[in-house]
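Structural description and commentary
The primary structure of each chain is shown beneath.
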Amino acid sequence: MKKLSFITLSVGLLLFSSALSAKVIPSDGHWRTYDDPAIGSGINIRTQGDITMVIVFTYREDGSPVWYYATGEIDDNGVFDVPLMETKNGENIFNNSPQTAEVFDPEKRIRLNFNATETGTLSINDSEPKPIHTYRFDIDGIETEQLTTPLGDFYQFPDITGQWAMGSANDNISFNFDFVTNYGALADPPSPNFHFHFTDELREPEGIFYFLSCPTRRATEAPYCRFYVNQNDVETNERAAVLNRLYVFLDDIGMNTMTFHLQPEGDETYSREHPTYQAFRLNTGFDEPNDIDTRLFPNEGHWRTLDDPEIGSGINFHSQGDVVMMTVFTYNEAGEPIWYMATGELTSESIPDNDFNANSWANLEMFTTKGGTPIDSVEPVSADLDQFYDVTLLLSAQQMAHLNINGGAFKEIKSYQFGFPEFIANHYYPETGDPLKFASPEGWWLMAEENGSESALVHLVKDTSKLTPPPPTDWTEFINVAASSSWISGMRCPENAAYIWMRCQVYMTDFDNSISTYLSLTNIGVDTMRIYYRDGNRPDIGDYPSHYFYYNFYRINPPLQP
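The following refers to the structure shown.

Criteria and thresholds
Residues numbered from 1 in each chain as written. Predicted model: local features only at pLDDT ≥ 70, side-chain atom pairs only at ≥ 80, totals over all residues. Heavy atoms only, no water. Helix = DSSP H or I, 4+ residues; strand = E, 2+ residues; numbered from the N terminus. Buried < 20%, exposed > 50% of the residue type's maximum accessible area, 1.4 Å probe, protein only. Areas by Shrake-Rupley, 256 points an atom, 1.4 Å probe, with all protein chains shown as cover. Pairing = 2+ DSSP bridges. Axes fitted to C-alpha atoms, helices over the stretch in contact; angles between N-to-C directions. Core = buried A, V, L, I, M, F, W, Y, C linked by side-chain atoms within 4.5 Å. Phe/Tyr/Trp six-rings, centres within 6.5 Å; stacked < 30°, edge-to-face > 60°. Lys NZ or Arg CZ within 6 Å of the ring centre and 35° of its normal. Salt bridge = Lys/Arg side-chain N within 4 Å of Asp/Glu carboxyl O.

**Brief notes about the overall build of the protein chain**
Counting its regular elements, the protein chain contains two helices and 36 strands. The buried share of the protein chain, reckoned over its 562 residues, is 57%. Taken as a whole, the protein chain presents about 23600 Å² of accessible surface, with 46% of it coming from carbon and sulfur.

**Thoughts on the sheet that holds strand β25 (residues 400-405)**
Spatial ordering of the closed barrel is given by β19-β20-β21-β22-β23-β24-β25-β26, a layout of eight strands whose pairing is antiparallel. Going across the sheet, the axis of each strand differs from the next one's by a mean of 30 degrees, ignoring polarity. Where strand β19 (residues 301-305) and strand β20 (residues 314-320) come together, three bridges link them in antiparallel fashion. The partner of glycine 301 across the bridge, within β20, is phenylalanine 317.

**Regarding the nonpolar core**
If you look at the biggest cluster of nonpolar residues, it comprises 52 residues, and the most contacted ones within it are Ile315, Met326, Met366, Met491 and Phe553. With 34 residues, the next largest nonpolar core counts Ile142, Ile160, Phe196 and Leu212 among its residues.

**Quick word on the packing of aromatic side chains**
All told, the structure shown has 29 aromatic pairs when counted by the stated rule. Here phenylalanine 175 and phenylalanine 177 contribute two aromatic rings whose centre-to-centre distance is 6.2 Å and whose plane-to-plane angle is 15 degrees, an arrangement assigned as stacked. Both residues of the pair, phenylalanine 175 and phenylalanine 177, count as buried. Note on phenylalanine 356 and phenylalanine 410: the rings are 5.5 Å apart at their centroids and 75 degrees apart in plane angle, and the pair reads as edge-to-face. On the criterion of sequence distance, the pair formed by phenylalanine 356 in the loop between β22 (337-345) and β23 (360-370) and phenylalanine 410 in the loop between β25 and β26 (411-415) is long-range, its members being 54 residues apart. In this structure phenylalanine 410 comes out as partly exposed when scored by relative accessible area, which is 27%. In textbook terms, an aromatic cluster arises when at least three aromatic residues are bridged by ring pairs, as seen for Phe175, Phe177, Phe179, Phe198, Tyr210, Phe227 and Phe260. Over the ring of tryptophan 475 we find arginine 492, and its NZ or CZ is 4.3 Å from the ring centre. Seen from the ring of phenylalanine 420, arginine 555 lies directly overhead, with NZ or CZ sitting 4.0 Å from the centre.

**Quick notes on the pattern of salt bridges**
The tally for this structure, following the rule as stated, stands at 14 salt bridges. The closest approach of N and O atoms between arginine 218 and glutamate 221, which form a salt bridge, is 3.7 Å. Among the residues examined, arginine 218 registers a relative accessible area of 34% and is labelled partly exposed. The exposure class assigned to glutamate 221 is partly exposed, which follows from its relative accessible area of 45%. Note that aspartate 386 and lysine 370 form a salt bridge whose closest N and O atoms lie 3.9 Å from each other. A residue pair is termed long-range when its members are at least 10 positions apart, and aspartate 386 in strand β24 (residues 384-397) and lysine 370 in strand β23 qualify at 16 residues. For lysine 370, a relative accessible area of 42% gives the class partly exposed. Counted as one network, the salt bridges with shared partners bring together Asp28, Arg46 and Asp527.

Here you go:
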């Protein structure tokens, strides 16, 4: 089992025999127990490649806050079973050059068992398993009688209205959608399960007619949403035939991702053993060219300050809709573990004056708590709000940002990569002189235009050949070998350079001198990238930044090896 040493945190839903067990990778983000009180505990989960990082923020028996961390792999049965570790004698993350902390073993072991991407169970030191679920805070829920929670309530899956891209590296096929709700209107008389119907405003270029149907009643057992496609289209169009066999279990619908499955031809069962298609919410509301959503959202998961010591603190970001949630894991003045929570709306308007070329920002209300009970308590008690702080978050790139507290000096933070091969560029952090490091872009990606109108699969393979004699800038080439992609032929990123390059060069398959395309080094995330392009043929769309379009890239997980 791979391990990491760093600091930088009966199943409650109804299960069905048709949903055979398979390895489940949980959604990244904020998780909580079903009995968690109004002010309680939580779990941050982040997976990169084969490695999952978990941070538990909760309370000791005396009500004081504490956090633990664990890293390891989820096994083929969807189980994460590893020791929890604790730290002490650290220094607050907002201090300059904080001292390193100490790691010790609190003699606790965590076991997470995931039956779906959005649900599972938690136990610590063989405690009774407690059902857990992803936390929804800025996306509406749709109630369905098909599943019930451990509290006896009907399950709610997130509203999927909006723009999505979906693809499979195995089939080299991608789709893009702009879902709108057509509540039960397509069935007359209504289905016994009274389905929500999501129709697609984009439609397929071939004019295929289809809709995604999700049950809200339980006249018959159907714990999944599935596509229904016009039969004539199924018989005459290959993409329509694939779409007609795609479905998603209700508890595999996440706030920002969905894991669909593809029924093999002739197979009418529903199983998590079936091949997967991954869908990603595009986080945009595109109406007119000037309305392109140019906001940058922080990469999901774990972040660190540039001056964070070997054993230090960390920040976790999770976004839903327009809201960013931030959890900070650090230490109080006595060196004891403490954690903060903060939320705020991300905007690109009225950005405070700064020297960081920020694209987006959020004003966050941050607070500490006290007097709670441990997350595995049988009868958890709500904690009390303690201290409040005003925090400003400035986003200059998807994996680079600045943070300050109560109007103090800004500290630079960066997303933390731990599960993929590392690429070291020739761009240096001015504060530390260290080279910029990011996850190598090699692997499979789903590429989607910012307005959701087009998508494609990209498979980047590292070219190890070198030019002789070497040029002043030593580039690493990544070639796109995906058969279905017709947009990008590849990209090259600078290693050692005679000049400072802040970006990778991107090569389009069809060269057009009026279109310039680039990938900023600080927009290369672990599992997301954003490639900007300027179209000189479109003078109608205004000045910077509106005259830049962009492609969002989403890493297909688990990635296929190049």
